[in-house]
Amino acid sequence: MQINELERLARQIRLRDVQAVFEAGAGHVGGEMSVIDILTALYFRVLNIDPAAPKAPGRDRFVLSKGHTACALYITLAKRGFIPEAEISTFLQANSRLNGHPNCNKVPGVETNTGPLGHGLPVAVGMAKAAKLSGASYHTYVVTGDGEMQEGSNWEAIMAAAQFGLDNLTLIIDHNRFQQGAALSDTNDIAPLRPKLEAFGWEVSEINGNAMAEVVPALEHRGGRPHCIVAHTNKGHGISFMQDRVDWHHKVPSKEQYEIAVAELSEAL
Ligand SMILES: Cc1ncc(C[n+]2csc(CCOP(=O)(O)OP(=O)(O)O)c2C)c(N)n1
Ligand SMILES: [Mg+2]
């Protein structure tokens, strides 16, 4: 897909996401809006995957470590053909496969269970190391939240990836400057991220993670070391009253707010 088609699709995914959160009465809409451009670029341009063969051994691996934004992943998987689009309306309902955090035993296309922050990157390092050991050519991508990068397990994984020479691993940090209930800068301020990753032996790119023309080339980049993309994003991106407002981590829009959000997102379609 071309950049303008990806941009349009990302807006459609945002719209479906805010609808799903409104209908379910729960979700993590702020962190979903920030990560949707990255998910769209991965699934519709970058990842070597086949919805008809979700377990094909040679497929690229993608881990959504910030598993609380599962709804955005489900919608992306549905648009890509891994699950029926109609199933999105079951999000968070009793007996639905679409739980609040992604489950790889239920949902085709989900590589590993996530939700407890700080685990996706260590698992992704294992996937990339496994490719090296077996001679497989797949690439592994993992998205973490910026608040999530406060978890010490991530930094162990970052050291291991450099030691193993995992040039087949890309970490994207969704740097939306907010975590749950507070700004990163008011809690454990781990910014700036670039010098830390570089000191740990990684190659680092810094981009606007809500600008498709910057997201795609960064994801397609290949170098000789593990690659980290520090993706500067906006929590609540695309919806004026949500953007950069800490309470929209997991607040649910009222009917009036929902209508404003739908109008704003539809305008750009
Ligand atoms: C180990 C762990 N501790 C706490 C939580 C609860 N929790 C869910 S989301 C979140 C904030 C995450 O912030 P960030 O990583 O910046 O994600 P984003 O801003 O992209 O939503 C927290 C603390 C969790 N899921 N796992
Ligand atoms: Mg964050």
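Structural data are supplied above this passage.
Residues numbered from 1 in each chain as written. Chains lettered and ligands numbered in written order. Predicted model: local features only at pLDDT ≥ 70, side-chain atom pairs only at ≥ 80, totals over all residues. Heavy atoms only, no water.

Before going further, it helps to spend a moment on the site of ligand 1. In the vicinity of ligand 1 lie 17 residues, with Lys66, His68, Asp146, Glu148 and Lys235 positioned nearest. Contacts to ligand 1 include Gly115, whose backbone N or O atom sits 2.9 Å from a nitrogen atom. Here Gly147 contributes a backbone N or O atom positioned 2.9 Å from an oxygen atom of ligand 1. Burial of ligand 1 by the surrounding chains reaches 75%, relative to a free accessible area of 590 Å². (Near = heavy atom within 4 Å. Polar contact = N/O pair within 3.5 Å; in protein donor to acceptor, adjacent residues only side chain to side chain. Areas by Shrake-Rupley, 256 points an atom, 1.4 Å probe, with all protein chains shown as cover.)

This next bit is on helix 8 (residues 255–267). Relative to the 18 Å expected for 13 residues at 1.5 Å per residue, helix 8 spans 18 Å between its end C-alpha atoms, a close match to the ideal helical length. Tyr258, Ala261 and Leu265 are the residues of helix 8 that are buried. Around the axis of helix 8, the buried residues are gathered within 65° of arc, so they sit on the same side. Away from its buried face, by an angle of more than 90 degrees, helix 8 presents the exposed residues Glu256 and Glu267. (Helix = DSSP H or I, 4+ residues; strand = E, 2+ residues; numbered from the N terminus. Expected span 1.5 Å × (residues − 1). Buried < 20%, exposed > 50% of the residue type's maximum accessible area, 1.4 Å probe, protein only. Arc of directions from axis to C-beta.)

Within the protein, the magnesium ion (ligand 2) binds to Asp146 (OD), Asn176 (OD1) and Phe178 (O); these donor distances fall in the range 2.1 to 2.2 Å. When the donors of the magnesium ion (ligand 2) are listed by position in the chain, the intervening gaps give D-x29-N-x1-F. Taken as a pair, Asp146 in the loop between strand 2 (140–145) and helix 5 (152–164) and Phe178 in the loop between strand 3 (169–175) and helix 6 (193–199) lie far apart in primary sequence, 32 residues in all. Judged by its relative accessible area of 2%, Asp146 falls in the buried class. Overall, Phe178 belongs to the buried group, its relative accessible area being 15%. (Donors = N, O, S within 2.8 Å, 3.2 Å for Na, K, Ca; no water.)

The pairing of strands in a sheet comes from backbone hydrogen bonds and takes either a parallel or an antiparallel form. Pairing is parallel across the open sheet formed by five strands, whose spatial order is 1-2-3-5-4. Edge positions in the sheet fall to strand 1 (61–64) and strand 4 (203–208), since each of these pairs with one other strand and no more. Shown here is a sheet whose adjacent strand axes are inclined to one another by a mean of 20°, direction ignored. For strand 3 and strand 5 (residues 227–232), the ladder comprises six bridges, and the chain directions are parallel. Paired with Ile173 across the two strands is Val230, which belongs to strand 5. (Pairing = 2+ DSSP bridges. Axes fitted to C-alpha atoms, helices over the stretch in contact; angles between N-to-C directions.)

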